[in-house]
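The chain contents come next:
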Amino acid sequence: MKRLAADMKEMTSSITEMGELVADMLERSVNSLVNSDIQSAEGVIKDYDRVAHLEALIEDEALRILILYQPMASDMRFTATALKLITYLERIGKYSKNIAKAAVYLRERPTTYRMIDVYAMCDVAVEMVRGVISAFENRNIKDLERYAEMDDKLDHYRISVIEDNVKHMRIDPTSIEAYTYYISVAKYLERVGDNACKIAEKVIYMVSGKRIEIDSAVRGL
């Protein structure tokens, strides 16, 4: 089964590449929003094609492994997890693309909103994405015990972003549409966290064989 082990190692490398790409896209999309950097935003939008390409390649490889080797137990869990991971990572790539599109739109519609909480949300979301990819790559789920707390933090920031932008809307009704975009960005970042939690659940199952939901149950893994 040396060939199976080699194929699984190669697929792990491809998923790690995809995960690092979407984490980088997420970081760049928010930076482009904060800095009104259209060139960076357009780069993120273009990179989504690479995400979709990697998803298709990894899916084909996972299905090939299932058909060719008919893997047992833990190897089957690995392959099933891989198929789920690429779906969640593609969604994160799409959220990053949407944030980049918002950056392009808002470049010509300046507002007085300071994106401190949006930037803070990005830091948490990127950390969560990179953390689950590392856990998958290294088969180490210890650090995933923090994900319920991190997801709660994203929820808190999202509420703060909504409240701040509603206040700005009342002060400047002519820019309501622009402020709505910031609320949408916060929603995308929260969903990134939700998808990172789903990835964490699948990685925990892959490593331990236990099915859990990311809440208080992950503490003490």
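Placed above this text is the structure.
Note that the structure is predicted; figures quoted are calculated from it, not measured. (Residues numbered from 1 in each chain as written. Predicted model: local features only at pLDDT ≥ 70, side-chain atom pairs only at ≥ 80, totals over all residues. Heavy atoms only, no water.)

Caption draft 1: Examining the pattern of salt bridges more closely. Scanning the model with the defined rule gives twelve salt bridges in all. A salt bridge links Glu27 to Arg130; its shortest N-O distance comes to 3.5 Å. With Glu27 in helix H1 (residues 2–35) and Arg130 in helix H4 (residues 116–138), the pair connects residues that are 103 residues apart, well separated along the chain. Exposure remark for Glu27: the relative accessible area of 29% places this residue in the partly exposed category. A salt bridge links Lys198 to Glu201; the shortest N-O distance between them is 3.8 Å. Separated by three residues within a single helix, Lys198 and Glu201 lie in helix H6 (residues 176–208), roughly one turn from each other. Among the residues examined, Lys198 registers a relative accessible area of 37% and is labelled partly exposed. Among the ionic contacts, a cluster of salt bridges with common partners joins Arg3, Asp7, Glu61 and Arg64. (Salt bridge = Lys/Arg side-chain N within 4 Å of Asp/Glu carboxyl O. Helix = DSSP H or I, 4+ residues; strand = E, 2+ residues; numbered from the N terminus. Buried < 20%, exposed > 50% of the residue type's maximum accessible area, 1.4 Å probe, protein only.)

Caption draft 2: Highlighting the packing of H4 against H6. Contact geometry of H4 with H6 gives a least axis separation of 9 Å together with a crossing angle of 20°. It follows that H4 is roughly parallel to H6 by the angle criterion. The element H4 and its partner H6 pack so that their crossing is left-handed. Two secondary-structure elements touch here, H4 through Val118, Met121, Cys122, Ala125, Met128, Val129, Val132, Ala135 and Phe136 and H6 through Val185, Ala186, Leu189, Glu190, Val192, Gly193, Ala196, Cys197, Ile199, Ala200, Val203 and Met206. Residue composition of the contact of H4 with H6, by class: 19 nonpolar, one polar and one charged. (Axes fitted to C-alpha atoms, helices over the stretch in contact; angles between N-to-C directions. Parallel < 35°, antiparallel > 145°, perpendicular 65-115°, else oblique. Left-handed = near helix turned anticlockwise from the far one by under 90°. Contact = heavy atoms within 4.5 Å. Nonpolar A, V, L, I, M, F, W, Y, C, P; charged D, E, K, R; others polar.)

Caption draft 3: Spotlight on helix H5 (residues 147–171). For H5, built from 25 residues, the straight-helix expectation of 36 Å at 1.5 Å per residue is met to within 8% by its first-to-last C-alpha distance of 36 Å. Within H5, the full set of buried residues consists of Tyr147, Ala148, Met150, Asp151, Leu154, Ser160, Val161, Asn165, His168 and Met169. Buried residues in H5 make contact with H4 and H6. (Expected span 1.5 Å × (residues − 1).)

Caption draft 4: Representation of the packing of H4 against H5 within the structure. Across the interface, H4 lies against H5 with an axial gap of 9 Å and an inter-helix angle of 155°. In this view, H4 runs roughly antiparallel relative to H5, as classed from their interaxial angle. For the element pair H4 and H5, the recorded crossing hand is left-handed. Two secondary-structure elements touch here, H4 through Asp117, Val118, Ala120, Met121, Val124, Ala125, Glu127, Met128, Gly131 and Val132 and H5 through Tyr147, Met150, Asp151, Lys153, Leu154, Tyr157, Arg158, Ser160, Val161 and Asp164. For the contact of H4 with H5, a count of residues per class yields twelve nonpolar, two polar and six charged.

Caption draft 5: Structural detail: the packing of aromatic side chains. Considering all chains together, one arrives at five aromatic pairs under this definition. Centroid distance Tyr95 to Tyr188: 6.0 Å. Interplanar angle 20°. Geometry classified as stacked. Separated by 93 residues along the polypeptide, Tyr95 in helix H3 (residues 73–107) and Tyr188 in helix H6 bring together distant segments of the chain. Where Tyr179 meets Tyr182, the ring centres are 6.4 Å apart and the plane angle is 45°; that geometry is what we call tilted. With Tyr179 and Tyr182 both in helix H6, this residue pair falls three residues apart, about one helical turn. Using a relative accessible area of 1% as the deciding quantity, one classes Tyr179 as buried. Classification of Tyr182 as buried rests on a relative accessible area of 5%. Each member of the aromatic cluster is reached from another via a ring pair, and the members are Tyr113, Tyr179 and Tyr182. (Phe/Tyr/Trp six-rings, centres within 6.5 Å; stacked < 30°, edge-to-face > 60°.)

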